[in-house]
Amino acid sequence: KMIKLTETETALELHFTGVDRLLVLKSSVVIPYSQITAASVRPEDAKYWFPSGLRVGTHLPGVVKKGTWYRWDGTSQFFFVYHTDRTIAIDVTPNADVSIGKFIIEVPAGDTPEQWVERIRGRIAGHSAPAA
């Protein structure tokens, strides 16, 4: 049950360890700050255990939701959730490098969602959004 969040000068990196690498079918994701449009605490999407669409990953309702959900409206969301009260949402402008539009992730133990949202908002304030 581990995700490691790393802040670099240009991006937020999500690193998955142990069995989680298998459950999410990824070892890491890099999200450039220039692509992040918003960050929020405890998003409503984290609370819904039955999102619609095609999922690639692991889903045990009420226990764990990890992986990518491709929604019928053409958008996609990435989940890494065990405890919905410890989650944040990161909205992203998709491109060729990062095709997912929203990341809903649980913050590491010892940190609060509020701390991470504040840090991300501070980072994106210094980066301009990509041209459409």
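Every residue gets a number counted from 1 within its own chain, in the order that chain's sequence is written. At least 70 in pLDDT is required for a residue's local features to be given in this predicted model, at least 80 for side-chain atom pairs to be given and counted, and no such filter applies to totals for whole chains, interfaces and linings, which use all residues. Note: side-chain values were computed over all heavy atoms of the structure, leaving out hydrogens and water.

Participant: Provide a residue-level description of the pattern of salt bridges, including the pertinent values.
Facilitator: Two side chains with opposite charge may pair up if their charged atoms get near one another. Note on definitions: salt bridges are taken to be side-chain nitrogens of Lys or Arg within 4 Å of carboxyl oxygens of Asp or Glu. Evaluated as defined, the whole model comprises 5 salt bridges. In this structure, Glu106 engages Arg86 in a salt bridge whose closest nitrogen and oxygen atoms are separated by 3.9 Å. Of the two residues, Glu106 is situated in strand S9 (residues 102-106) and Arg86 in the loop between strand S7 (76-81) and strand S8 (87-92); the sequence distance between them amounts to 20 residues. Shared partners join several salt bridges into a network, and the residues in it are Glu7, Arg119 and Arg123. To qualify as a helix, a DSSP run of H or I must reach at least 4 residues; to qualify as a strand, a run of E must reach at least 2; elements of each kind are numbered from the N terminus.

Participant: Please set out the sheet that holds strand S2 (residues 11-16) residue by residue, giving values where relevant.
Facilitator: Remark on secondary structure: sheet strands pair via backbone hydrogen bonds, oriented parallel or antiparallel. Any two strands are treated as partners once DSSP identifies two or more bridges connecting them. If you walk across this open sheet you meet the 3 strands as S1-S2-S3, and the pairing is antiparallel. The sheet is open, and its two borders are formed by strand S1 (3-7) and strand S3 (28-32), each paired with just one other strand. When strand polarity is set aside, the average angle formed by the axes of neighbouring strands in this sheet is 15°. With 5 bridges joining them, S1 and S2 adopt antiparallel strand pairing. By the bridge assignment, Thr6 is partnered in S2 with Glu13. Here an axis means a line fitted to C-alpha atoms, over the contact stretch when the element is a helix, while the angle between two N-to-C directions is reported on a 0 to 180 degree scale.

Participant: Requested: an account of the side chain of Ser76, with residues and values cited.
Facilitator: Its place among the elements puts Ser76 in strand S7. Discounting residues that sit within four places of it in the chain, Ser76 has contacts with Thr68, Trp69, Tyr70, Ser99, Ile100, Gly101 and Lys102. Pairs of residues are marked as contacts when any of their non-hydrogen atoms sit within 4.5 Å.

Participant: Run through the pairing of strand S6 (residues 64-70), naming residues and quoting values.
Facilitator: Most of S6 sits out of view: 6 of its 7 residues are buried. Strand direction decides the pairing type here: S6 and S7, joined by 6 bridges, are antiparallel. Its bridge partner lying in S7, Lys65 is registered against Val81. The loop that links S6 with its antiparallel partner S7 comprises 5 residues; one of these, Gly74, has a positive phi angle of about 95°. Residue burial is assigned from relative accessible area. The probe radius is 1.4 Å, only protein chains are included, and a residue is buried under 20% of its type maximum, exposed over 50%, and partly exposed in between.

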